[in-house]
Structure formats: C-alpha cells, structure tokens
Amino acid sequence: MYARGTDVPSARRLFDTMLIRTIVSHTAMVTCYAKAGDIELARQVFDEMPERDAVCWNALMDGYVRHGRPDDALTLFRGMLRSGVKPNEVTVVSVLAAISQLGSLETGKWVHSYARSSGIPFTVRLRTALVDMYCKCGSLQDACSVFDCIRDKDVVAWNSMIVGYAMHGKSLEALRVFSEMLKSKVQPTDITFIGVLNACSHAGLIKEGREFFSSMEKDHNIEPKIEHYGCIVDLLGRAGLLEEAYDLVRNMGIRPDPVLWGSLLASCRLHKNMSLGEKIADFLLTNGLSNSGTFVLLSNIYAALGKWEEVARIRRLMKESGIQKEPGCTSIEVDRTVYEFVAGDLSHPMSKEIYVMLEELNVLLRDRGYVSQTELVLHDLEEPEKQQVLAVHSEKLAICFGLISTEPGTTIKIFKNLRVCRDCHTVTKFVSKITGREIVMRDRSRFHHFVDGSCSCGDYW
Ligand code: ZN
Ligand code: ZN
C-alpha cells in the first residue's frame, strides 16, 4: 500500500503511529518517498533506521538513480559495502545505471570485477546492465564481450546492444545484431526500432530506413512514436530530402514536438535550404511553438539570411520569455576522478596549465586553417569577443586537461551534457589530427569518435 506512492502524507501518518517499526515498514517508506519524488525524505527515513537490509539500501539507491543523482547513488553503494550488508543483483544493476549516467568507465570496471568476485549470479538482467553501462561509458569492446556471453538473450539484452552500436555510429553492426535478433525469434519492441532507425540515419541508409519504418506497424504491430518520427526526419534531413521530411512532419498524426522541428531546422541550415528554414521558422513563431533549442536555430537561420531585424526580434523574444540556455558542462575522468568544466572555468587546480595548453593549440589550429565559427555565438558582441566566448567552451578545457594529464597516445574520453557545438566539434577534429590522440565524446544525443582529423558522425549530429 505504501509503495504506490500516491498518498504519501497518510502513509507517513500511519507510519508515525506504529509502535513497532520493522525494517519492512521503514523500507516501504523509503520506497514510497523515493518513488513519490521526495528523495530527501526517503533519505531521512533511511537514516532513522536502526538496521537496514539490502532491500532498503536498494530502495534508496534506486531513488537516487531515478532522480538523476548518480554521485549520491555511488556514495551510498560504498556506504553499503562498508556497512557489511551484502549487495545483491538488484544493487549491482542499480549502481551500474548510476555509473552509466556518470559515464565513468573505471568505476564501471571496478563494479564489474566486484560483482565477479562477490559471487553475485550473472543473470541476463545483470549482464544487460553491464552492456548498457559499457556502451554509455564509451567502451563498445567491453560491451560486446559481455553481450556475447549472454545465453538466452531477451529483448532488453538485444536492445541494449543495438542501441549501443547505433549510439556509437556503428550502423552496420547494429543492423547485424538486429537481424540476428529476428533470426532468434525474439520480438522487437519500439526501443529496438529507435536503435535500428538511428543506425540507418547515421549511415545514410535511406532505403533501408524507410523499409524498417514501415515494417514497424506492418510486420511487428508497433505504432511509431514521436521518437521514431524523429529518427526518420533525421534520416531524410541528413540526406537533404527536406521537403519529404517536412511533409512527413505535417502529416504524421502526432503533434510534432520542438525536438522534431529543431532537427528539421538544423537540416535546413546544414543544406542551406533557407527558404524552407524560413517557412518553418515563421510557422513556429506565429504559433508560439519555439523553445530554447529552436530559438537558437531560428536565430542562426535568420542570421544566415542576413535578416538582422528578425534576429533581433528572436533575441527579444528569448529575453521576454525568460528562456536561458542550459549551461553546458563537460566532464572527464582521469585516474578514477571525474573533473567537471564549465565554459571559462578557472576552478581547476591546473587551470593555468590548461589555458597554456589551449593557447598552444590555438596557434597550431590557426596554422592549419582553422577559423572559429563565431556565427554560433548569440550575444551582441564584437568579433574578437565572440572568438573569446567560443575559445573557452567547456569541451575545449576538458580536452586540454586530458592532453596534459594523460600519457601521449591515450584515448581521451569526455562527456558533454548538451549537444556539442559546431565549433568545438571542428576543433576536436583538428586536435585528434595534431596530437594523434583518439578522442571519444559523448554528448546529449550520441557518441563521437574523433580519429586523425575526422569524426564517426560524419559531421552530422
Ligand atoms: Zn563549443
Ligand atoms: Zn561528430
């Protein structure tokens, strides 16, 4: 009754009147609060408990994962190990989910070896959580070796590998796994198709993408959701089939969301189809359908058309509606410590060295013909200041820190909370060429593998 989480106050009242509170009732309260959204209260009840079993630890850990607080989940896991309560399969699955959010490969490997040494059974569910963690922490190789060991793969296991490959731009591998899945007679789900369509999109497989999309309903009885339309719009947009994508969005029978419009606008800009871009921009503005993401794109489109009055109008609109861009931040793990950078960050102890490295790189970049893409900066600034704003983006600082704090030749892995900007993407390509380092970047939508001056995304993301 408590765990339903719909009536928290009365559950609490009942709990307070109980004379003998058992672990079970405490745990029920922790679960109840964690699911009802009040993680602080869940923690409070947890702290009040005279003794705790694994179920209780798991309930709070799961709460932290759901609330996007992976650091707290990990700290809790360490506390659990110290307390002498033995973690079980549920604990490990939960802690792996936290690690996936953090993107910390080293911690992931540590938990993997912990699970091995502690005799926790390697169920399909646990192995799938490992596959997912390794994909999200940037190690496809480890993901594959775990995946290959799963006997009797269920649909969740297949999905994690398909989505993982697609996320890394390994389209053909994703489609190969998909066909193996069909051969083994496991029924795909809507998530399977997100992976499959993304794979087609990343590899520019238009014909296949269209076929898979229509087979969803026809052969598998799965109604496409907005995410699937998003993949198809991305696929068509990338190929320059903008009118077809636009028709699809207008006639799709589900209300398009800002993400979908954003993807279409980004394609218009990429293919320099400004007339369609403007048509969509006008439509969105007239109907009040813009959000922070589309505002930036709209402004870029009008700027490219030289329509400065419109650019000014959009900036005013952004100000009036109080829209602020979510601050970008990039993290990097060095020696099992995760460092976070924001734009212009000066808080790192090695800041001075980082900025020296950045300056050295800038000289090398300019020698090789790099020009900073200042049209991406929205502020009303003069050209040199705009260059300055771009130059200290968090991605660049994290990469510079990676360069000075790891051995030459080591792969640098960084994680960006938003989509990587075009300028940082260009710079990262140059850096991979100049330094001979492989750089793996996870951004909000996918992985980018930068090797020898080019990126696995083919400059489309
Ligand atoms: Zn940037
Ligand atoms: Zn890329």
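Please read all numbers here as calculations on a predicted model, not as lab measurements. (Residues numbered from 1 in each chain as written. Chains lettered and ligands numbered in written order. Predicted model: local features only at pLDDT ≥ 70, side-chain atom pairs only at ≥ 80, totals over all residues. Heavy atoms only, no water.)

Colleague: I'd like to hear about the overall build of the chain, residue by residue, with values.
Modeller: Secondary structure assignment for the chain yields 23 helices and six strands. Taking all 461 residues of the chain together, 50% fall into the buried category. Sequence-distant contacts, at least 24 apart, represent 62% of the contacts inside the chain between residues at least 6 apart. Carbon and sulfur atoms make up 52% of the accessible area of the chain, which amounts to about 22000 Å² in all. (Helix = DSSP H or I, 4+ residues; strand = E, 2+ residues; numbered from the N terminus. Buried < 20%, exposed > 50% of the residue type's maximum accessible area, 1.4 Å probe, protein only. Contact = heavy atoms within 4.5 Å. Areas by Shrake-Rupley, 256 points an atom, 1.4 Å probe, with all protein chains shown as cover.)

Colleague: Before we move on, could you go through the coordination of the zinc ion (ligand 2) and cite the residues and values that matter?
Modeller: Only His425 (NE2), His448 (ND1), Cys455 (SG) and Cys457 (SG) from the protein coordinate the zinc ion (ligand 2), and they sit 2.0 to 2.3 Å from it. Its four donor atoms give the zinc ion (ligand 2) angles of 102 to 114 degrees at the centre, a pattern that matches the tetrahedral case. (Donors = N, O, S within 2.8 Å, 3.2 Å for Na, K, Ca; no water. Tetrahedral: all angles 85-135°; square planar, octahedral: opposite > 155°, others 65-115°.)

Colleague: Break down the coordination of the zinc ion (ligand 1) for me, citing the residues and quoting the values.
Modeller: Here the zinc ion (ligand 1) is held by the protein donor atoms His393 (ND1), Cys421 (SG) and Cys424 (SG), which lie 1.9 to 2.2 Å from it. Spacing between the donor residues of the zinc ion (ligand 1) along their common chain follows H-x27-C-x2-C. In this pair, His393 sits in the loop between helix H21 (383–391) and helix H22 (394–405) while Cys424 sits in helix H23 (residues 422–435), placing the two residues 31 residues apart along the sequence. Taken as a pair, His393 and Cys424 share a single burial class, namely buried.

Colleague: Could you give me a rundown of the nonpolar core, with the residues and numbers involved?
Modeller: Membership of the largest hydrophobic core comes to 102 residues, with the highest contact counts inside it found for Val30, Met161 and Ile280. Element by element, the count of residues in this core is highest for helix H4 (residues 54–66), at eight residues. Ile280 has contacts with Tyr246, Trp261, Leu264, Leu265 and Cys268, leaving out every residue within four places of it along the chain. The next biggest cluster of nonpolar side chains, apart from the first, holds 29 residues, and it includes Leu403, Ile412, Val427 and Trp461. (Core = buried A, V, L, I, M, F, W, Y, C linked by side-chain atoms within 4.5 Å.)

Colleague: Give me the lowdown on the pairing of strand S5 (residues 447–451), citing residues and values where you can.
Modeller: Along a regular strand, successive side chains alternate from one face of the sheet to the other. Counting buried positions along S5 gives four out of five residues, so the element sits mostly inside the fold. Across four bridges, the pairing between strand S4 (residues 439–442) and S5 is antiparallel. Bridged to Arg442 within S5 is Phe447. Taken together, S4 and the strand that follows it, S5, pair antiparallel across an intervening segment of four residues. With two bridges connecting them, S5 and strand S6 (residues 454–455) associate as antiparallel partners. What sits directly across from Phe450, in S6, is Cys455. A loop of two residues connects S5 with S6, the two strands running antiparallel in sequence, and Asp452 in this loop sits at a positive phi of about 45 degrees. (Pairing = 2+ DSSP bridges.)

Structural measurements only, silent on function.
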